[in-house]
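Architecture and fold: a report
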Amino acid sequence: MSRKKKNFILENITLLSAGAKGVAVGRTEEGKTVLVSGAVPGDVVHARVKKSRSKYYEAEALEIVRPSAFRVAPRCVHFGVCGGCKWQNLSYEKQLEFKQNEVENNIRRIGGIETFETLPILGSAQQYHYRNKMEFSFSNARWLTPSEVDSSESIEDRDALGFHIPGMWSKILDLKECHLQEDPSDEIRLAVRDYAKAKGLDFFDVRNQEGFLRTLMLRQNSRGEWMVLFQFYREERAHREGLFEMLLARFPQIKTLVYAINAKANDSIYDLDIQVYYGEGYLMEEMDGLEFKIGPKSFFQTNYRQALELYRKTLEFADLQGDEVVYDLYTGTGTIAQYVARKAKQVIGIESVQEAIDAAEAHAKLNGLSNTSFYCGDMKEVFTESFLAAHPKADVLITDPPRDGMHPKVVEQILKLLPKRVVYVSCNSATQARDLALMKHRYRLVRILPVDMFPQTHHVENIALLERLEDSQDEV
């Protein structure tokens with residue numbers, strides 16, 4: 001090991017496993033843990049230490065001395081630059097293995113729970129082209145490759161349509177291809193970019209907050225119908241309509257085309273007025289006989305096919321017989337609530353976003369479900385003793401919180417309510433494990449099922465089934 005002024009170079013580090021956020025984990029000869037980015041488990045690397053902690057180093061791979069047997073060739077030409085799909089160079093079999101291990105380890109280490117059944121991780125049938133929604137940004141200052149930076153030649157074409165470079169908020173990678181969304185996603189994006197360049201349309205200048213073309217969102221449903229959403233910084237009607245007519249002529253798959261004028265400092269669409277240029281302004285999606293109306297602002301699982309499997313397993317874990325009252329916390333647009341409602345007596349959903357609640361109520365009406373009711377507000381402020389006193393007691397509770405997990409006050413109320421079963425769906429097994437630890441004196445963790453919603457990334461979902469301990473019932 002050699003030292004420089006601020007960095008250590010760790011040589012010949014064997015990476016043994018995967019850690020949180022997709023880093024590879026190894027150890028020094030002295031036994032200190034090393035978390036290495038830019039490598040995969042099984043690699044032997046020279047690594048530069050970026051941060052030195054008391055119990056571990058954070059490092060980046062400088063050289064792959066001996067490649068892992070688990071390595072595969074990345075499919076995308078942009079791998080390693082755009083920041084997405086960081087596990088494209090790792091076999092899918094190993095991706096699933098490491099994701100399953102992460103979930104189990106978090107529950108044991110953070111949750112302090114040793115005994116539970118682990119079902120094999122539910123892998124995604126589609127390992128590429130699985131996303132039904134992609135968002136891209138326009139920029140007049142695209143990211144330059146190292147060779148372009150070192151070149152003495154003047155680079156005239158700096159326009160780009162693609163993704164932000166990690167850590168460089170003002171730089172956009174001009175995408176040649178992306179394997180996350182199926183055709184014609186690439187074709188639509190490239191057609192937009194090429195048309196805009198040919199017509200001399202202004203790409204957005206993020207530093208000076210000016211320009212015409214700002215963002216592009218492509219959304220599809222399982223029927224092969226597409227929504228295209230543009231954000232423009234200013235209105236240029238002739239240019240806008242010329243662009244739209246080109247797309248509609250070339251891509252008959254486009255079911256609706258919508259846009260917004262956004263002169264704000266951020267790209268969020270949720271406070272913008274959406275204008276419909278073509279079609280109905282929404283797509284319809286079907287899930288096992290349920291219909292959902294998906295608009296430009298709608299939250300809907302981006303991996304439709306795997307989301308359907310997750311909902312099926314959630315219903316299976318809930319084990320509904322038809323006479324239960326079900327609470328669905330963090331219900332979002334009510335997809336899980338409505339999926340289980342056909343097997344329940346009554347479903348009560350709570351969510352903090354009013355637009356999501358409006359969508360949940362509209363979907364319930366669309367699907368002819370009269371046994372659902374939805375309430376809006378901050379979960380810890382709504383899900384209180386007074387709320388519980390005013391509503392039927394839950395037999396089963398389903399919770400699907402954001403990455404931060406549940407607020408301690410929400411966990412406290414669940415322990416007062418003490419439903420027979422709790423099905424905890426999580427996109428962050430670390431915070432899920434923390435919450436399970438708070439509940440283990442009243443509930444037994446029966447089984448878990450990790451679900452891979454995002455192949456080629458380190459992200460993993462997990463479904464946990466908890467059953468109330470018999471002695472807890474005596475305290476109710």
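Parameters at a glance
Residues numbered from 1 in each chain as written. Predicted model: local features only at pLDDT ≥ 70, side-chain atom pairs only at ≥ 80, totals over all residues. Heavy atoms only, no water. Salt bridge = Lys/Arg side-chain N within 4 Å of Asp/Glu carboxyl O. Helix = DSSP H or I, 4+ residues; strand = E, 2+ residues; numbered from the N terminus. Buried < 20%, exposed > 50% of the residue type's maximum accessible area, 1.4 Å probe, protein only. Phe/Tyr/Trp six-rings, centres within 6.5 Å; stacked < 30°, edge-to-face > 60°. Core = buried A, V, L, I, M, F, W, Y, C linked by side-chain atoms within 4.5 Å. Polar contact = N/O pair within 3.5 Å; in protein donor to acceptor, adjacent residues only side chain to side chain. Contact = heavy atoms within 4.5 Å. Pairing = 2+ DSSP bridges. Axes fitted to C-alpha atoms, helices over the stretch in contact; angles between N-to-C directions.

A look at the pattern of salt bridges
On inspection of all chains with the given rule, the structure shows 27 salt bridges. Between Lys94 and Glu97 there is a salt bridge; the shortest N-O distance is 2.9 Å. A residue pair is termed a helical-turn pair when its members lie 3 or 4 positions apart in one helix, as Lys94 and Glu97 do in helix α1 (residues 92-109) at three residues. Under the relative-accessibility criterion, Glu97 is labelled partly exposed at 32%. Here Lys197 ties to Asp157 by a salt bridge, and the two come within 2.8 Å at their closest N and O atoms. Taken together, the residues Lys197 in helix α3 (residues 185-199) and Asp157 in the loop between α2 (146-150) and β9 (160-165) connect sequence positions 40 residues apart. A relative accessible area of 38% places Asp157 in the partly exposed class. Linked through salt bridges whose partners overlap, the residues forming this network are Glu104, Arg108 and Glu114.

Here we look at the packing of aromatic side chains
Per the counting criterion, the structure on display carries 16 aromatic pairs. Seen in terms of ring centroids, Phe204 and Tyr233 are 5.4 Å apart; in terms of plane orientation they differ by 50 degrees. Their pairing is tilted. One end of the pair, Phe204, is in the loop between α3 and β11 (213-220); the other, Tyr233, is in the loop between β12 (226-232) and α4 (237-250), and 29 residues separate them in sequence. Pair check on accessibility: Phe204 and Tyr233 agree, each one buried. Judged by centre distance (6.0 Å) and plane angle (45 degrees), the rings of Phe232 and Phe244 are tilted. With Phe232 in strand β12 and Phe244 in helix α4, the pair connects residues that are 12 residues apart, well separated along the chain.

Some points on the nonpolar core
It is characteristic of soluble globular proteins that their nonpolar side chains tend to be buried jointly. Residues Val192, Leu213, Leu216, Phe230, Leu243 and Leu247 are the most contacted members of the largest nonpolar core, which totals 75 residues. Among the elements that make up this core, the one with the highest residue count is helix α5 (residues 304-318) (eight residues). Counting residues in each nonpolar core, the second largest holds 38 residues, with Ile348, Ile414, Leu415 and Val460 among its members.

Describing helix α10 (residues 408-417)
Within α10, the full set of buried residues consists of Val410, Val411, Gln413, Ile414, Leu415 and Leu417. Directly beyond the C-terminal end of α10, a positive phi value near 50 degrees is found at Leu418.

So, the side chain of Ser426
The residue Ser426 is located in strand β21 (residues 421-426) in this model. A distance of 2.8 Å separates a polar side-chain atom of Ser426 from the backbone oxygen of Asn428. Sequence-distant contacts of Ser426, that is, excluding residues within four places in its chain, are made with Asp400, Gln432, Val460, Glu461 and Asn462.

Quick look at unusual backbone geometry
The linkage connecting Asp183 with the following residue, Pro184, adopts the cis geometry, with an omega of 5 degrees. Within the fold, Pro184 resides in the loop between β10 (168-174) and α3. Backbone geometry at Asp319 places phi at a positive 50 degrees, although glycine is not the residue there. For Leu418, which is not a glycine, the phi torsion comes out positive at approximately 50 degrees. One can find Leu418 in the loop between α10 and β21. Residue classification places Leu418 among the buried positions, given a relative accessible area of 4%.

What about the sheet that holds β9?
Spatially, the seven strands line up as an open sheet ordered β10-β9-β8-β11-β12-β13-β14, and their pairing is mixed. Of all strands in the sheet, those with a lone pairing partner are β10 and β14 (275-278), marking the two edges. Each adjacent strand pair in this sheet contributes to an overall mean axis angle of 35 degrees, direction not counted. Here β11 pairs with β12 via seven bridges, running antiparallel. Considered in β12, the bridge of Met217 is made with Leu229. Packing of α3 onto the sheet brings it into contact with β8 (133-139), β9, β10, β11 and β12, and relative to β11 it is tilted by some 160 degrees.

A closer look at the pairing of strand β22 (residues 443-451)
In terms of burial, β22 is a largely internal element, seven of the nine residues being buried. When strand β7 (residues 117-118) meets β22, the two strands line up parallel, connected through two bridges. Bridging across to β22, Thr118 finds its partner in Ile448. With eight bridges joining them, β22 and strand β23 (residues 461-468) adopt antiparallel strand pairing. Bridge pairing in β23 places Arg447 opposite Leu465.

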